[in-house]
2 protein chains.
Amino acid sequence: MATESVTVRPAGSEDAGHVARLLHDFNTEYSEPTPPLEALAERCRELLVGGEIHVLLAGEPPFGLALLRFRPSLWSGGPDTYLEELYVAPARRGAGAGRALLAGTIELARANGSEHLDVTTAEADTAAIGLYESFGMVNRERGPDGPLMLYYELEI
Amino acid sequence: MATESVTVRPAGSEDAGHVARLLHDFNTEYSEPTPPLEALAERCRELLVGGEIHVLLAGEPPFGLALLRFRPSLWSGGPDTYLEELYVAPARRGAGAGRALLAGTIELARANGSEHLDVTTAEADTAAIGLYESFGMVNRERGPDGPLMLYYELEI
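What you are looking at is a predicted structure, and each value in this text was computed from that prediction instead of being measured. Along each chain, the written sequence defines residue order, and numbers are assigned to residues from 1. A letter from A marks each chain and a number from 1 marks each ligand, given out in the order of writing. Whole-chain, interface and lining totals are the exception, using all residues; otherwise, since this is a predicted model, local features are given only for residues with pLDDT of at least 70 and side-chain atom pairs are given and counted only at 80 or more.

Caption draft 1: Up close: the interface of chain B and chain A. Listed per partner, the contact involves 42 residues of chain B and 42 residues of chain A. Following the grouping adopted for this structure description, the nonpolar residues are Ala, Val, Leu, Ile, Met, Phe, Trp, Tyr, Cys and Pro, the charged ones are Asp, Glu, Lys and Arg, and the polar ones are all others, Gly among them. Residues of the side of chain B that touches chain A, tallied by class, amount to 24 nonpolar, seven polar and 11 charged. In the sheet, strand 6 (residues 149-155) of chain A pairs with strand 5 (residues 116-122) of chain B via seven bridges, with the strands oriented antiparallel. Directly across from Leu154 of chain A, in strand 5 of chain B, lies its bridge partner Leu117 of chain B. Note on contacts: each residue gets a C-beta atom placed from the backbone, and two residues are in contact if those atoms are within 7 Å. At least two DSSP bridges between two strands are needed for those strands to be called paired. A run of DSSP states H or I qualifies as a helix once it reaches four residues; a run of E qualifies as a strand once it reaches two. Both are numbered from the N-terminal end.

Set out below in structure tokens:
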């Protein structure tokens, strides 16, 4: 399988520049605002050092990332896991990097005692939806015929 | 307006029992699993003391809550705000408590320097959707004609 050729590893604080570059490319590709690269790298470094974010990198030099947060769960003893960002550079898509990053995310979440993973996406992102559903992720409440689960946001 | 009669206040650690009772009622109403009440109260107390969760309570004795998390944002200097739970006891619905709790949430988020609030819901929860949209919350990417934003989860 193509996924076997993609190496995924945890990012250390020394990878903050790679993390920032990939996040910057992500937002630029989708015309979302992003801070200047150096400021973003410094913020990523602080968040990595503080354990606020956990990042998996795909490839060397990295061309994809998964960025996770753990939050102490209300409902179980372990943390809930939020997959906040999942990105693969356009030229490297379709070769299993997203799949390897999501598999690594689930492995890391389990290793941290997490029983719940969540992520948001847009209905237009059929590649992401196909990936999530292939791992058994669901966006319907209480079974496959239940109502869609929606994500709302507000800039305040 | 009905909302003026609903008092909203921040929960302290001494309110952990109220918080747990409301969360327990919430999950019981929607047939979701919930830990025993005493264990949930102890967990809520720890999370309140540790600043992991912030809770607003409506009414006295409390009959509604908003439960928030702040996470240091990747994109701005302040935290992003996640409204994880919003609940009003069935007998008290329709009298502005949800509105007062969401207004309080936005006020608290702003006071903490947050520029972004997010929440998930199900398309069947028309009361919640009406409330969120009345505050300008959006679940479409890049404008009102953009694709729906979806929430996916996985039990791992």
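Caption draft 2: Quick peek at the pairing of strand 3 (residues 64-72) of chain A. Residues and elements named next belong to chain A. Looking at chain direction, strand 2 (residues 54-58) and strand 3 are connected through five bridges and run antiparallel. Looking at the pairing, Val55 lines up with Leu67 of strand 3. Taken together, strand 2 and the strand that follows it, strand 3, pair antiparallel across an intervening segment of five residues, in which Gly59 is found at a positive phi of about 85 degrees. The pairing of strand 3 with strand 4 (residues 79-88) spans nine bridges and is antiparallel. Looking across to strand 4, one finds that Arg69 is bridged to Tyr82.

Caption draft 3: Fine view of unusual backbone geometry. Residue and element names in this part refer to chain A. Going from Glu60 to Pro61, the amide bond is cis rather than trans, its omega being -5 degrees. Within the element layout of this structure, Pro61 appears in the loop between strand 2 and strand 3. In this structure, Ser31 takes a positive phi of about 55 degrees despite not being glycine. By the secondary structure assignment, Ser31 is in the loop between helix 1 (16-29) and helix 2 (37-49). For Ser31, a count of 8 C-beta atoms within 10 Å gives the class exposed. Exposure classification rests on a simple neighbour count of other C-beta atoms within 10 Å of a residue's own: a residue reaching 20 or more is buried, one at 12 or fewer is exposed, and one in between is partly exposed. C-beta atoms are placed from the backbone.

Caption draft 4: Fine view of the relation of the copies chain B and chain A. Fitting of the copies onto one another was done by least squares over C-alpha atoms, counting residues only where both copies have pLDDT of at least 70. Superposing chain B onto chain A requires a rotation of 180 degrees together with a translation of 0.0 Å along the rotation axis, leaving an RMSD of 0.0 Å. In symmetry terms, the pair is related by a two-fold rotation axis. Considering only C-alpha atoms, the residue of chain B closest to the rotation axis is Leu150 of chain B, which sits at 2.3 Å. Counting the interface residues of chain B, we find that 100% of their copies in chain A are interface residues as well, pointing to one common contact surface.

Caption draft 5: Local environment of the packing of helix 1 of chain A against helix 2 of chain A. All names here are of chain A. Lines fitted to C-alpha atoms define the axes, with helix axes restricted to the stretch in contact, and inter-axis angles between N-to-C directions lie between 0 and 180 degrees. Close contact between helix 1 and helix 2 brings their axes to 8 Å; oriented N to C, the two are set at 125 degrees. As far as their axial angle goes, helix 2 and helix 1 are oblique. Relative to helix 2, helix 1 is oriented so that their crossing is right-handed. Listed contacts from helix 2 to Ala16, Gly17, Val19, Ala20, Arg21, Leu23 and His24 of helix 1 are Leu37, Leu40, Ala41, Cys44, Arg45 and Leu48. Classifying every residue of the contact of helix 1 with helix 2 by side-chain character gives nine nonpolar, two polar and two charged. In this scheme, roughly parallel covers angles under 35 degrees and roughly antiparallel covers those over 145, while 65 to 115 is roughly perpendicular and the rest are oblique. Handedness of each helix crossing follows the sense of rotation of the near helix against the far helix: counterclockwise by less than a right angle gives left-handed, clockwise gives right-handed.

Caption draft 6: Layout of the environment of Thr81 of chain B. All names here are of chain B. Secondary-structure assignment places Thr81 in strand 4 (residues 79-88). A count of 28 C-beta atoms within 10 Å places Thr81 in the buried class. As a C-alpha pair, Thr81 and Ile106 span 25 residues in sequence and 8.9 Å in three-dimensional space.

Caption draft 7: Just the confidence of the model for chain A, in detail. Confidence of the predictor in every single residue is expressed as pLDDT, which spans 0 to 100. Taken over all residues, the pLDDT of chain A has a mean of 95, while the share at 70 or more is 97%. As scored by the predictor, the complex reaches a pTM of 0.94 and an ipTM of 0.94.

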